Amino acid sequence: MAKFGGSSLANAEQFNKVKNIVLEDKSRKYVVPSAPGKRCSEDYKITDLFYLCHAHVQQKIPFNDVYRLIEERYLGIVKDLELELDIEKYLKEVKENITNGASADYTASRGEYLNGLILADFLGFDFVDACELIKFDESGYYDSETTDKAIYQVLVKESREKGVVIPGFYGAMPDDEIKTFTRSGSDVSGSIIAHGVKADLYENWTDVSGFLMTDPRIVENPKPIAKITYKELRELSYMGASVLHEDAVFPVLEDGIPINIRNTNKPEDDGTLIVGENKSDSIGAITGIAGRKNFTVLAIEKTLMNSEIGFGRRVLSVLESHGVSYENTPSGIDTMSVIVDDVQIKGKLDKIIKEIKRTCNPDSLQAIPNMALIATVGRGMAQTVGVAARIFGALAKESVNIRMIDQGSSEMNIIVGVENHEFEKAIRAIYREFE
Ligand code: ASP
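Residues numbered from 1 in each chain as written. Predicted model: local features only at pLDDT ≥ 70, side-chain atom pairs only at ≥ 80, totals over all residues. Heavy atoms only, no water.

Caption draft 1: Just the UniProt feature "domain: ACT" (unreviewed entry) in the protein, in detail. As annotated by UniProt and renumbered to match this structure, "domain: ACT" (unreviewed entry) occupies residues 376–435. Across residues 376–435 one finds 38% helix and 22% strand; the C-alpha atoms that close the span lie 13 Å apart. (UniProt positions renumbered as here; feature names shortened; annotations may be inferred. Helix = DSSP H or I, 4+ residues; strand = E, 2+ residues; numbered from the N terminus.)

Caption draft 2: A look at the state of the cysteines. Under the definition given, this model contains zero disulfides. In this structure Cys53 is a free cysteine whose sulfur lies 19 Å from that of Cys131, the closest cysteine sulfur available. Judged by its relative accessible area of 0%, Cys53 falls in the buried class. (Disulfide = S-S within 2.5 Å. Buried < 20%, exposed > 50% of the residue type's maximum accessible area, 1.4 Å probe, protein only.)

Caption draft 3: Seen up close, the pattern of salt bridges. Under the definition given, this model contains 21 salt bridges. Notably, a salt bridge pairs Asp43 with Arg73, separated by 3.2 Å at the nearest N-O pair. Here Asp43, found in the loop between β2 (30–33) and α2 (46–58), pairs with Arg73, found in helix α3 (residues 64–80); they are 30 residues apart in sequence, far enough to count as distant. On the basis of relative accessible area, Arg73 is assigned to the buried category, the value being 4%. Here the salt bridges do not stand alone but share partners, grouping Glu24, Arg28, Glu203 and Arg262 into one network. (Salt bridge = Lys/Arg side-chain N within 4 Å of Asp/Glu carboxyl O.)

Caption draft 4: A look at the pairing of strand β11 (residues 288–301). With 10 of its 14 residues buried, β11 lies for the most part within the structure. As paired elements, β11 and strand β13 (residues 364–377) share 11 bridges and run antiparallel to each other. Opposite Ala290, over in β13, you have Ala375 as the bridge partner. Sheet analysis places β11 next to strand β12 (residues 335–341), joined by seven bridges and oriented antiparallel. Bridge pairing in β12 places Val297 opposite Ile339. (Pairing = 2+ DSSP bridges.)

Right, here's the structure in full:
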């Protein structure tokens, strides 16, 4: 099972690379494409243009000019690949539907739909519309049971001679209305198909050779990660390292199907393998370092906090009542810190402080802004003595002041809080220690 991202299918040249990859290995039987992405950094993504068309119709503004860009891209690909497919017919039909007020989801999904038609034709594969396979319930929630049954009926029950292309990003509601996943959702489609057909492997082809140990904008040439567990990835992606849609892991997680992130432009690279469990190796090693700036720490002090029943709950319920989620809550005997993302707390901080003061009556409550969080993650650090000491030692050597420390109960993750301006220096120091 192979999913190809938008940059892997942005033009005819990329389509050719995809064809070589798919036809090289017979086990690549199910292929899930994204819509054409950017051909270079200033380029546009076809999905964005489709959303733009919909917005134009909503505002009753003609969308011919935007649609022309979409047409040009698909017509160009079909022409350059010398296909006989009548893509114009489909483009016309889609344009008509958008003009007649089709939904945003329908409109956005056409990027994958049209690309899927082209790719199927180019590969000589069957085209199966995602509407037949991926199902949502009346409320718009993904319906795994109905989906699994549909995939079994359409793809698994009768064995097909040819491979199959299934467009990513969308499925259908019970009334056949189209529904999309959130942005980058073709990753999720790929995962669902891999689960449904019980694939051995879910290959996710993109434009990077998997994950790097840390952000290459901060550390020059960081090492690639050959293997990472789902949990480690979660810890790292949570902190901002995003190559894969968050929801893409769960459908395959339960079956133990590994996900292999590969690079369409460098198919010789092994990429990163994401696995369920990996007990075998890397004692004492770390897998990756990720972080993000701009958090605020609410530092709360109250004598005898430890014996006051319900104190923590009251603090957190104030946040809850303002719809704010928190990242960590390191605590001491008479102190508790709550760390929140600035985006979450924007415009609400004063009210939250007032309310915590009223409901919890702390001795002091301070909001400390401009904090960065850095997560050092590695299955190899659990039950290994000395990893924390190495992290703190490396930071001390660079005179980075650690404002907060938090170790997850899995012992797979040590989070330190530093001031925003020391963020990059801190990441470099930790990387160098474990390189
Ligand atoms: N084309 C969709 C998007 O741009 C979905 C995807 O690429 O995965 O979000």
